[in-house]
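Geometric and topological summary
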Amino acid sequence: MTPVQTTKMSNFRWVICALLFLATTVNYMDRQVLSLTWKDFIAVDFHWSDADYGTITGLFSLFYAIANLFSGKFIDWMGTKKGYLIAIFVWSTGAVLHAGCGWAAMQIEGYGSIEALRAVQAGSDAAVAIATISVWLFLSCRLILAVGEAGNFPAAIKATAEYFPKKDRAFATSIFNSGASVGALAAPATIPLLARAWGWEMAFVIIGVLGYVWMGLWVWLYDEPHRNKRVNQAELNYIEQDLDDLAEVQNRQAVKEQKAIPFFKCFTFKQTWAFLVGKFMTDGVWWFFLFWAPAYFSDQYGYTSDSGMGIALIFTLYAIVTVLSIGGGYLPKYFVEKRGMNPYLGRMRAMFIFACFPVLGLLAQPLGAYSAWWPAILIGLLGAGHQAWSANLFSTIGDMFPKSTIGTIVGLGTMTGGLASMGINMGSGQFFKWAAEQGSAFTFFGFEGKPAAYMVVFCVCSVAYLIGWCIMKTLVPKYKPIIVED
């Protein structure tokens, strides 16, 4: 017998997957601190309106989009280990710095305490000045946060491609990508309570410090599979099983030395545009609900983010997302292994099914007239569809592109998703403010004022996935990997 046959395979790739899951969880908790504290804590201190918050979330998305234009290439250049370390250090630092915005606003505006800022008459010139300077201070911190967070998914997808064969990548991606749901799930159960007990500033500090802890684990445990002493030969053979299926590769060393596709040449491939369209059409939907769901339940139903019911609603929403989205990685695996489809066809079949989930969002606002639990459940199903869609969308890159270019393509796609998020979040803030001012003069599907505006946005979000899937399928109707020629 060969050594591979007699040696039990190690499973260290799942430890790496767990680390990616933890990083993504921390990533989304850092991102959620503001959305869970602005309406009931920060806005009170700094006299923010919906438009102010929309500006912050929208420009954060723009910063994130621009950073992603370079983050993927940066990760490919630095390598997975060093690139991920730098990314999480930057975003954790940005998260912690949010805590100093109140102090900085006091110094700039000449007030002695946060209470003095809060006591300024609403609508006065002084209140407008406080709101303006505080928005700029938070935007500065969001810029740092966005630059760091832009490295998360390019690094995580690259690590997944390094440690998992194609047939397992969607499942592994769905597991680490569920960290977004778990982060969003843990956030409402902890952040409002931290803000109530110790102030919103400490919520930013405590959650931000988690990233520094993760850095220690990454330094200790990560290395490339063929260099990692925790990965035995049997597991390495399993990880690299796809190499035998690549006609253009004569041996494993040739794969490791594949040249990266030049940046601008990436745009000449339909596969690139399919991924960009998939991200542009759907990322903004996820970010809208991530940033606005707590405010929605506070505005429409009166449940503040630190109330028992407010926490229960958001927790339920993301519990549904977390539990159901993990199955998103198994479905294409079933299509590939049980139905004999190639990985791309299996993924596209699964993605069509997941694209149907968000259609349920059309019922969230109408059924909300009966109970706030209906929007929580239906938005949760929409979010589960998104996360399952997203895991498979990311995996199409590994199917189509060489490993040397994965980070670049992920960065480009995440950039387009960030641009879409900027549009929907900044636009929603202005739209909600305008609709509230219009009152009964603005109606849509039987709703008036701000509820009508929510219904409009929910409609857009609900159909975006099916439109995105149709465009992707038109661009790349069948499996066609890109071969890099010297």
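Up top is the structure.
Right, let's walk through the structure included here.

Conventions adopted
- Residues numbered from 1 in each chain as written.
- Predicted model: local features only at pLDDT ≥ 70, side-chain atom pairs only at ≥ 80, totals over all residues.
- Heavy atoms only, no water.
- Helix = DSSP H or I, 4+ residues; strand = E, 2+ residues; numbered from the N terminus.
- Rg over C-alpha atoms; globule rule 2.2 N^0.38 Å.
- Buried < 20%, exposed > 50% of the residue type's maximum accessible area, 1.4 Å probe, protein only.
- Contact = heavy atoms within 4.5 Å.
- Lys, Arg positive; Asp, Glu negative; His and termini not counted.
- Charge placed at Lys NZ, Arg CZ, Asp CG, Glu CD.
- 1 Å grid on protein atoms, 1.4 Å probe; cavity = no way out; pocket = protein on both sides within 12 Å on 5 of 7 lines; lining within 4 Å.
- Points joined across faces, edges and corners; volume = space filled by probe spheres on them.
- Nonpolar A, V, L, I, M, F, W, Y, C, P; charged D, E, K, R; others polar.
- Patch = residues over 30% accessible without salt bridge, like charges linked within 9 Å, V, L, I, M, F, W, Y side chains within 5 Å.
- Areas by Shrake-Rupley, 256 points an atom, 1.4 Å probe, with all protein chains shown as cover.
- Salt bridge = Lys/Arg side-chain N within 4 Å of Asp/Glu carboxyl O.
- Axes fitted to C-alpha atoms, helices over the stretch in contact; angles between N-to-C directions.
- Left-handed = near helix turned anticlockwise from the far one by under 90°.
- Expected span 1.5 Å × (residues − 1).

Let's shift gears to the overall build of the protein chain. On a plain count of helices and strands, the protein chain comes out with 20 helices and two strands. Whereas a compact globule of 486 residues would reach a radius of gyration of roughly 23 Å, the protein chain reaches 23 Å, a difference of no more than 12%. For the protein chain, the C-alpha atoms occupy an extent of roughly 80 × 45 × 40 Å along the three principal directions. The 486 residues of the protein chain split such that 57% are buried. A separation of at least 24 residues holds for 82% of the contacts in the protein chain among residues at least 6 apart in sequence. Between the mean site of the 34 positive side-chain charges and the mean site of the 31 negative ones, the protein chain shows a separation of 10 Å.

On to the layout of surface pockets. Approximately 170 Å³ is the volume found for the second largest pocket. Forming the walls of the second largest pocket are Phe269, Lys270, Gln271, Leu475, Val476, Pro477, Lys478, Lys480, Pro481 and Ile482. For the lining of the second largest pocket, the per-class residue count stands at six nonpolar, one polar and three charged.

Of note in the backbone geometry, His47 takes a positive phi value of approximately 60° without being a glycine. With respect to the helices and strands, His47 occurs in the loop between helix H2 (12–46) and helix H3 (50–78). Residue His47 is classed as buried on the basis of its relative accessible area, which comes to 18%. Of note, the phi angle at Phe445 is positive, near 50°, even though the residue is not glycine. Within the secondary structure layout, Phe445 lies in the loop between strand E1 (443–444) and strand E2 (447–448). A residue is classified by how much of its surface remains accessible, and Phe445, at 64% relative accessible area, is exposed.

This paragraph deals with a nonpolar patch on the surface. The grouping of Phe89, Val209, Tyr212 and Val213 at the surface amounts to a nonpolar patch, some 340 Å² of accessible area in total. A per-element tally of the nonpolar patch places helix H10 (residues 200–221) first, with three residues. With respect to the secondary-structure elements, Tyr212 resides in helix H10.

Attention shifts here to the packing of H2 against helix H9 (residues 166–198). Two elements in contact, H2 and H9, have axes separated by 6 Å at closest approach and are oriented at 35°. The way H2 lies across H9 gives a crossing that is right-handed. Split by residue class, the contact of H2 with H9 holds 22 nonpolar, nine polar and one charged.

Evaluation of the coordinates by the stated rule reveals 11 salt bridges. Ionic pairing is found between Arg13 and Glu235, a salt bridge with its closest N-O pair at 3.1 Å. Residue Arg13 is found in helix H2, and its partner Glu235 is found in helix H11 (residues 233–239); the two are separated by 222 residues along the sequence. The exposure classification of Arg13 matches that of Glu235, with both residues buried. The shortest N-O distance in the salt bridge between Asp299 and Lys450 comes to 2.6 Å. Of the two residues, Asp299 is situated in helix H13 (residues 270–301) and Lys450 in helix H20 (residues 449–475); the sequence distance between them amounts to 151 residues.

Attention now moves to helix H18 (residues 373–400). For H18, built from 28 residues, the straight-helix expectation of 40 Å at 1.5 Å per residue is met to within 8% by its first-to-last C-alpha distance of 41 Å. In terms of burial, H18 is largely enclosed, as 25 of its 28 residues are buried.

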